[in-house]
Amino acid sequence: MQIDIKKLTPSLAQDFLGFFDDDAFSDNPDWSGCYCSFFYFGDDEWNERTGSMNRDFSEQAIISGSINGYLAYVDGKPAGWINADRKEAYARLEQNGGDKKVLSIVCFTVSPGHRRKGIAGKLLQAALEGAKREGYEAVEAYPAKEAATDAHNYHGPLELYTKNGFEVAEEKKDNYIVRKRLRL
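Only a predicted model underlies this, so the values are computations on that prediction, with no experimental measurement involved. (Residues numbered from 1 in each chain as written. Predicted model: local features only at pLDDT ≥ 70, side-chain atom pairs only at ≥ 80, totals over all residues. Heavy atoms only, no water.)

Draft legend 1. How the structure looks around the overall build of the protein. Counting its regular elements, the protein contains five helices and seven strands. Listing the helices and strands of the protein from first to last along the sequence gives β-α-α-α-β-β-β-α-β-α-β-β. Relative to the 2.2 N^0.38 estimate, which gives 16 Å for 184 residues, the radius of gyration of the protein is 15 Å and therefore close to what a compact globule would have. By its C-alpha atoms, the protein is 40 × 40 × 35 Å across when sized along the principal axes. Counting only residues that meet the buried cut, the protein has 49% of its 184 residues in that class. When contacts within the protein are restricted to residue pairs at least 6 apart in sequence, long-range pairs at least 24 apart make up 66% of them. A total accessible area of about 9,500 Å² is found for the protein, and carbon and sulfur atoms account for 46% of it. Counting 24 positive and 29 negative side-chain charges, the protein places the centres of these two groups 6 Å from one another. (Helix = DSSP H or I, 4+ residues; strand = E, 2+ residues; numbered from the N terminus. Rg over C-alpha atoms; globule rule 2.2 N^0.38 Å. Buried < 20%, exposed > 50% of the residue type's maximum accessible area, 1.4 Å probe, protein only. Contact = heavy atoms within 4.5 Å. Areas by Shrake-Rupley, 256 points an atom, 1.4 Å probe, with all protein chains shown as cover. Lys, Arg positive; Asp, Glu negative; His and termini not counted. Charge placed at Lys NZ, Arg CZ, Asp CG, Glu CD.)

As structure tokens, this is what we get:
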């Protein structure tokens with residue numbers, strides 16, 4: 001199995017959309033209309049959105065460079081995604097103003113047939129390497145305390161982060177905030 005990781009660029013928009021159209025939520029159709037746009041909207045606006053609106057939003061955001069992350073390809077076909085962007089890009093995240101430049105990881109999506117094969121780890125490594133290159137001070141993520149299903153583990157499991165040098169910075173009711181400092 002050949003795994004390649006590519007930073008999302010406008011030229012990969014159709015790969016991203018095709019992944020979410022067909023594979024990403026094939027085992028979880030209730031989330032199939034998200035197109036990884038959930039964190040960009042507050043509750044009121046999100047509740048008014050349709051799958052078609054989210055698809056259009058994501059397509060335009062990829063073209064304009066305002067959705068960032070990495071796609072994983074297995075044998076040349078998209079099989080995974082990590083949404084990794086500057087923290088202030090996400091309307092749903094509490095902005096604390098502490099670090100000047102924080103990369104937040106809000107979502108992993110790996111197609112059902114490719115889970116537990118190291119793809120999430122490779123996506124995380126790509127995001128960490130990209131964050132260092134782009135001058136981020138820290139990387140944050142939000143793993144669930146308990147995920148009843150693979151779908152509910154969309155933030156990535158806590159163990160994935162701790163084995164990659166993240167520390168628990170805060171404990172919330174349903175999740176942790178984990179952080180890895182890249183610069184002092």
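Draft legend 2. Representation of the sheet that holds strand β6 (residues 167-171). Strand order across the open sheet formed by seven strands is β1-β2-β3-β4-β5-β7-β6, with mixed pairing between neighbours. One side of each edge strand has no neighbouring strand; the edge strands of this open sheet are β1 (3-7) and β6. Strand after strand, the sheet turns through a mean of 25° between neighbouring axes, direction not considered. Along the sheet, helix α1 (residues 13-23) contacts β2 (69-74), β3 (77-86) and β4 (102-110); its crossing angle with β3, the most-contacted strand, is approximately 115°. Where helix α4 (residues 119-133) meets the sheet, it contacts β1, β2, β3, β4, β5 (138-141) and β7 (176-181), and its direction lies at approximately 140° from that of β2. (Pairing = 2+ DSSP bridges. Axes fitted to C-alpha atoms, helices over the stretch in contact; angles between N-to-C directions.)

Draft legend 3. Structural detail: the nonpolar core. Ranked by internal contacts, the top residues of the largest apolar core, which has 29 residues, are Leu 8, Phe 16, Phe 20, Ile 67, Leu 71, Trp 81 and Val 106. A total of five residues in this core trace back to one element, the largest contributor, which is α1. Once residues lying within four places of it in the same chain are set aside, the contact partners of Phe 16 are Leu 8, Tyr 35, Cys 36, Ser 58, Ile 62, Leu 71 and Trp 81. Counting 28 residues, the second-largest nonpolar core is a separate cluster that includes Val 110, Leu 124, Leu 128 and Ala 141. (Core = buried A, V, L, I, M, F, W, Y, C linked by side-chain atoms within 4.5 Å.)

Draft legend 4. Just the environment of Lys 180, in detail. On the secondary structure map, Lys 180 appears in strand β7. Separated by 43 residues in sequence, Lys 180 and Glu 137 place their C-alpha atoms 8.8 Å apart. Excluding residues within four positions of it along the chain, Lys 180 makes contact with Leu 128, Glu 137, Ala 138, Val 139, Asn 164, Gly 165 and Phe 166. In this structure the side chain of Lys 180 is engaged in a polar contact, spanning 2.8 Å, whose partner is the backbone oxygen of Asn 164. (Polar contact = N/O pair within 3.5 Å; in protein donor to acceptor, adjacent residues only side chain to side chain.)

Draft legend 5. Summary view of the packing of aromatic side chains. A complete count under the given rule lists 16 aromatic pairs for this structure. Look at Phe 16 and Phe 20: their rings are 4.7 Å apart centre to centre, the planes differ by 45°, and that puts the pair in the tilted class. Here the residue Phe 16 and the residue Phe 20 both occupy positions in helix α1, the gap between them amounting to four residues, near one helical turn. With respect to burial, Phe 16 and Phe 20 carry one shared label: buried. Between Phe 25 and Trp 31, the ring centres sit 6.3 Å apart and the planes meet at 75°, which makes this aromatic pair edge-to-face. Classification of Phe 25 by relative accessible area gives buried; the value is 13%. Overall, Trp 31 belongs to the partly exposed group, its relative accessible area being 27%. Through successive ring pairs, a cluster of aromatic residues spans Phe 16, Phe 19, Phe 20, Phe 25, Trp 31, Tyr 35, Trp 81 and Tyr 154. Over the ring of Tyr 176 we find Lys 145; its NZ or CZ atom is 5.7 Å from the centre of that ring. (Phe/Tyr/Trp six-rings, centres within 6.5 Å; stacked < 30°, edge-to-face > 60°. Lys NZ or Arg CZ within 6 Å of the ring centre and 35° of its normal.)

Draft legend 6. α4, seen in detail. Over its 15 residues, α4 runs 21 Å from end to end, which matches the ideal 21 Å to within 8%, given 1.5 Å per residue. Backbone geometry just after α4 places Gly 135 at a positive phi near 80°. (Expected span 1.5 Å × (residues − 1).)

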